[in-house]
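# Commentary on secondary and tertiary structure
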Amino acid sequence: MLAAIAWRNLWRNKLRSAVIITAIAIGIIGTVVTDGFMSGMTDQRVNAAIANEVSNIQIHNPAFLLNEEIKYTIPQAQKTGNTIRKNQDVKAVSLRLKCQAMASSAIAGAGVTVYGIRPDDEKQVSALHEHIIKGNYLSGKQRFSAIIGQKLAKKLDLGMDDKVIVTLADTTGTITSGAFQIVGIFKTSNDMFDESHVFILKSDMAKLMGFSSASSNEIAILLNNNHSTRSVVRELNKTFKKEIAAHQIVIQSWDQILPILKSLVEIMDYFSYLFLLIILVALAFAIINTMLMAVMERTREIGILMALGLSKRKIFSLIVLETVFLSITGALVGILISISIVYHYSIYGFDLSFVAAGGLNSIGYSSTIFFRVSNNFYLATAIMVILIAVLSSISPALKALKLQPAKAIREDI
Amino acid sequence: MSIIEVKNIYKVYNETKVPVNALNGVDLKIEEGEFTAIVGPSGSGKTTLLNILGGLDLPSKGDIFIEETNLKDLSSRQLTDFRLHNIGFVFQSYNLIPVLTAKENTEFILQLQKVPKKERIQKAMELLEAVGIADKADHRPGQLSGGQQQRVAVARALASQPRFIIADEPTANLDSRSTNDLLEIMAEMNRKYHSTFIFATHDQRVMDKAHRIVTIDDGKIIGDETFKGR
């Protein structure tokens, strides 16, 4: 009956309860939707990085990672790649050549990263072929062809069928260059990537540098599920234990390759929880105020309950229950509305192109944000609301306990 | 046998700089089954005495025994528990729990006493029947008249079969008809269940029903009359 009294007490002053429930709901909607927006942004950035840039896992010669000297290839790369393909969590593997180079046209030049790829393999690992906006993706048939990003094309003032000159140092350190006809221009959501990457055929790149076409200095691995990245890295570390011990290869997950991105994901997570805490602490003061008013208005009633034999522990529980019911109602309303908003924007996306498309793309983000809120965040919100409600109820409950029944009974309402 | 024995009690309130002596050496014995009215002018100490008899307040000096128990020896928690099991209350302003129905209000004490649900619903309905308000069992106090609310308060006070019932100005807010009905109900309960009633009142109609009238003034008992045959 204590719970029934607490619940019914909530609705005695409907307006006051509605105001505080609305405040809690708005606070939670703001927090959850903000988390959905930020998580959506970071998710898309991570997914884009995995899909277009780094894949889930990469393997290199450890010496290559020091300053990306092209001569440090992966010993027996083909065999290593075939072994990796047998792992059931691995979706695709691409063996690449990679080096820093200068891309130039008649009027400008730019430092770029050049990838030598096998188009059929690369298509399995990277989604770049889906971002071709002019021309076509590389095919194995057309020798000395290239695809470049839209930003780079603009910077070098190059268009379709124009030739981009790629200048690089070969294995002996001699500067060499080749002219590559542009067969396709891509545009991803990351302008920085588009401005600094050139893709050519691996066989062409190997020839230019004096390698055999079987040589590779990067193995990119795409998994069936991003969540299995860590476990696959552990498995591969076991499989290639000898090669790793001999410093022939090093295996890295995407978050080791892009530590800034990993930090960003973590910071966004912390920020969401911090934001939630700040909102709830602010709401706690409103809850305390509401409950203090409720206790003061019901001084005589509490006196009566005490006189009738309701113990102090139960009086305390009554106020705590009432506060928790009030807060949970607000939280429930807030979470339900948040779920609807997050669901809507997770399907249709939140289009920011009218205000910040260029700005977002320039820092690697898509201008359409697809919201995502983890179940853990909803759970944490619910737990924190209950915790804050219990803490907020302490002051009003203690005030109620200080009442003397004989005096409280005679209190005028 | 005395159910209540008050021995030389004093009550001094120190809420302001000037101490107020509300009770000045009161001795009183209440026998089981009595229908007693404590009367006196405003500020005479009636309510203070009633609060002490009901275990809502403790005397500054002196002892209050309910049968063998000296209330001054009980802790706050024990005193609350003692009230729950031994004392029923009827207040001037009805003071029902507004969010509970008449039946739930009557059941409330029984639930605190951990009486099984079936038994307490049966008991509550019997009492509401006895005070003539069973048809309003599912009404909340706000849907009842003053007289009806006070009947529920009487049913609630009787629900736990307390040792005695304290009623502070129970008819002060009632019209004549409701007052007569209520007094008749309480007199009936007194006859039927041998319940002990102690009233604080100004109301002549209550005094006319009382078996005993204790008059108090300036914190002292100045009169104590018993009326046989009422």
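Throughout this description, residue numbers start from 1 for each chain and increase along the sequence as written. Both sets of labels track the order of writing: A upward for chains, 1 upward for ligands. Residues qualify for local features only when their pLDDT is at least 70, as the model is predicted, and side-chain atom pairs are given and counted only at 80 or more; totals for whole chains, interfaces and linings, by contrast, use all residues. To obtain the side-chain values, all non-hydrogen atoms of the structure were included, while hydrogens and water were left out.

With that settled, the discussion passes to the sheet that holds strand S2 (residues 20-31) of chain B. Residues and elements named next belong to chain B. Here a strand pair is declared whenever DSSP counts at least two bridges between the two strands. Counting from the N terminus, the helices are the DSSP runs of H or I reaching at least four residues and the strands are the DSSP runs of E reaching at least two. The strand order across the open sheet built from 4 strands is S2-S1-S4-S5, with neighbouring strands paired in antiparallel fashion. This sheet does not close on itself; its edge strands, each paired only once, are S2 and strand S5 (69-70). With 9 bridges connecting them, strand S1 (residues 2-13) and S2 associate as antiparallel partners. By the bridge assignment, Tyr13 is partnered in S2 with Val20. Together, S1, S2 and strand S4 (61-66) form the strand contacts of helix H1 (residues 46-53), whose direction differs from that of S1 by roughly 125°. Any two residues having at least one pair of non-hydrogen atoms within 4.5 Å are treated as being in contact. Think of each axis as a best-fit line through the C-alpha atoms, taken over the contacting stretch in the case of a helix, with angles from 0 to 180 degrees between the N-to-C directions.

Our focus in this paragraph is helix H1 (residues 2-10) of chain A. In an α-helix, one turn spans 3.6 residues; hence positions three or four apart end up facing the same way. Relative accessibility decides the category of a residue: with a 1.4 Å probe and only protein chains considered, values under 20% of the type maximum give buried, values over 50% give exposed, and everything between is partly exposed. Every buried residue of H1(A) is accounted for by A:Leu2, A:Ile5, A:Ala6, A:Asn9 and A:Leu10. Along the axis of H1(A), the buried positions cluster into a sector of 140°, meaning they face one direction only. In this structure, the buried residues of H1(A) make contact with helix H2 (14-54), helix H13 (299-308) and helix H14 (312-348) of chain A together with helix H3 (102-112) of chain B. This arc is built from the directions going out from the helix axis to the C-beta atoms.

What follows concerns the interface of chain B and chain A. Between chain B and chain A, the residue contacts involve 28 residues of the former and 22 residues of the latter. Accessible surface is computed with a 1.4 Å probe, and the buried area is the amount of it that two parts give up when combined, taken over both parts together. Taken together, the two surfaces of chain B and chain A that pack against each other cover about 2,200 Å², and 63% of this comes from carbon and sulfur. Definition used for salt bridges: Asp or Glu carboxyl oxygen within 4 Å of a side-chain nitrogen of Lys or Arg. Joining chain B to chain A, the criterion identifies 1 salt bridge. Two N or O atoms count as a polar contact when they lie within 3.5 Å, although within protein this holds only if one can serve as hydrogen donor and the other as acceptor, and sequence-adjacent residues are included solely when both atoms are side-chain atoms. Where chain B touches chain A, the interface holds 5 residue pairs in polar contact (both at pLDDT 80 or more). Elements with a contribution of two residues or more to the side of chain B that touches chain A: H1, helix H2 (76-86) and H3 of chain B. When residues in the side of chain B that touches chain A are grouped by element, the largest group, 6 residues, is from H3(B). All amino acids are sorted into three groups, where Ala, Val, Leu, Ile, Met, Phe, Trp, Tyr, Cys and Pro are nonpolar, Asp, Glu, Lys and Arg are charged, and the leftover types, Gly among them, are polar. When the residues that make up the side of chain B that touches chain A are grouped by side-chain class, the tally is 11 nonpolar, 8 polar and 9 charged.

A few words on the sheet that holds strand S10 (residues 220-226) of chain B. Residues and elements named next belong to chain B. Reading across from one edge, S6-S7-S8-S3-S9-S10 is the order of the 6 strands in this open sheet, with mixed pairing throughout. In the strand order of this sheet, the two ends are held by strand S6 (87-90) and S10, each with one partner. Strand-to-strand, the axes of this sheet are offset by a mean angle of 20°, without reference to chain direction. With 6 bridges connecting them, strand S9 (residues 212-217) and S10 associate as antiparallel partners. Opposite Thr215, over in S10, you have Gly223 as the bridge partner.

What follows concerns a nonpolar patch on the surface. All names here are of chain A. Here a patch means residues that are over 30% exposed by relative accessible area and free of salt bridges, tied together within 9 Å if like-charged and within 5 Å if nonpolar (Val, Leu, Ile, Met, Phe, Trp, Tyr). Each accessible area is a Shrake-Rupley estimate made with a 1.4 Å probe; only the visible protein chains count as cover when residues are assessed. A cluster of nonpolar side chains, contributed by Phe271, Leu274, Leu277, Ile278, Val281 and Phe285, occupies part of the molecular surface with about 570 Å² of accessible area. Assignment of secondary structure puts Leu277 in helix H12 (residues 259-297). Given the relative accessible area of 38%, Leu277 is considered partly exposed.

To continue, consider the domain arrangement of chain A. Marked domain ranges trace back to an automatic or database domain assignment. Examined at the domain level, chain A breaks down into domain 1 (2-49 + 261-409) and domain 2 (62-248). One C-alpha centre belongs to domain 1 of chain A, the other to domain 2 of chain A, and the line joining them spans 49 Å.

This part takes up the packing of aromatic side chains. Residue and element names in this part refer to chain A. Pairing of aromatic rings covers Phe, Tyr and Trp, the last through its six-membered ring, and needs centres within 6.5 Å; plane angles under 30 degrees mean stacked, over 60 mean edge-to-face, and all others mean tilted. Considering all chains together, one arrives at 18 aromatic pairs over all chains under this definition. Here the aromatic rings of Phe37 and Phe371 are separated by 5.9 Å at their centres, their planes lie at 90°, and the arrangement is edge-to-face. A residue pair is termed long-range when its members are at least 10 positions apart, and Phe37 in helix H2 and Phe371 in the loop between strand S12 (368-369) and helix H16 (375-401) qualify at 334 residues. Accessibility expressed as a relative area gives 23% for Phe37, which makes it partly exposed.

Let us look at the packing of H1(A) against H14(A). All names here are of chain A. Where H1 meets H14, the axes come as close as 9 Å, and the angle between the chain directions of the two elements is 50°. One element, H1, and the other, H14, form an angle in the oblique class. Relative to H14, H1 is oriented so that their crossing is right-handed. Contact residues: H1 offers Leu2, Ala3, Ile5, Ala6, Trp7, Asn9 and Leu10, while H14 offers Lys314, Ser317, Leu318, Leu321, Glu322, Phe325, Leu326 and Thr329. Taken together, the residues that form the contact of H1 with H14 break down as 10 nonpolar, 3 polar and 2 charged. Angular relationships are summarised with four words: roughly parallel below 35 degrees, roughly antiparallel beyond 145, roughly perpendicular across 65 to 115, and oblique for the angles in between. Crossing handedness is defined as follows: a turn of the near helix away from the far one that is anticlockwise and smaller than a right angle gives a left-handed crossing, while the clockwise case is right-handed.

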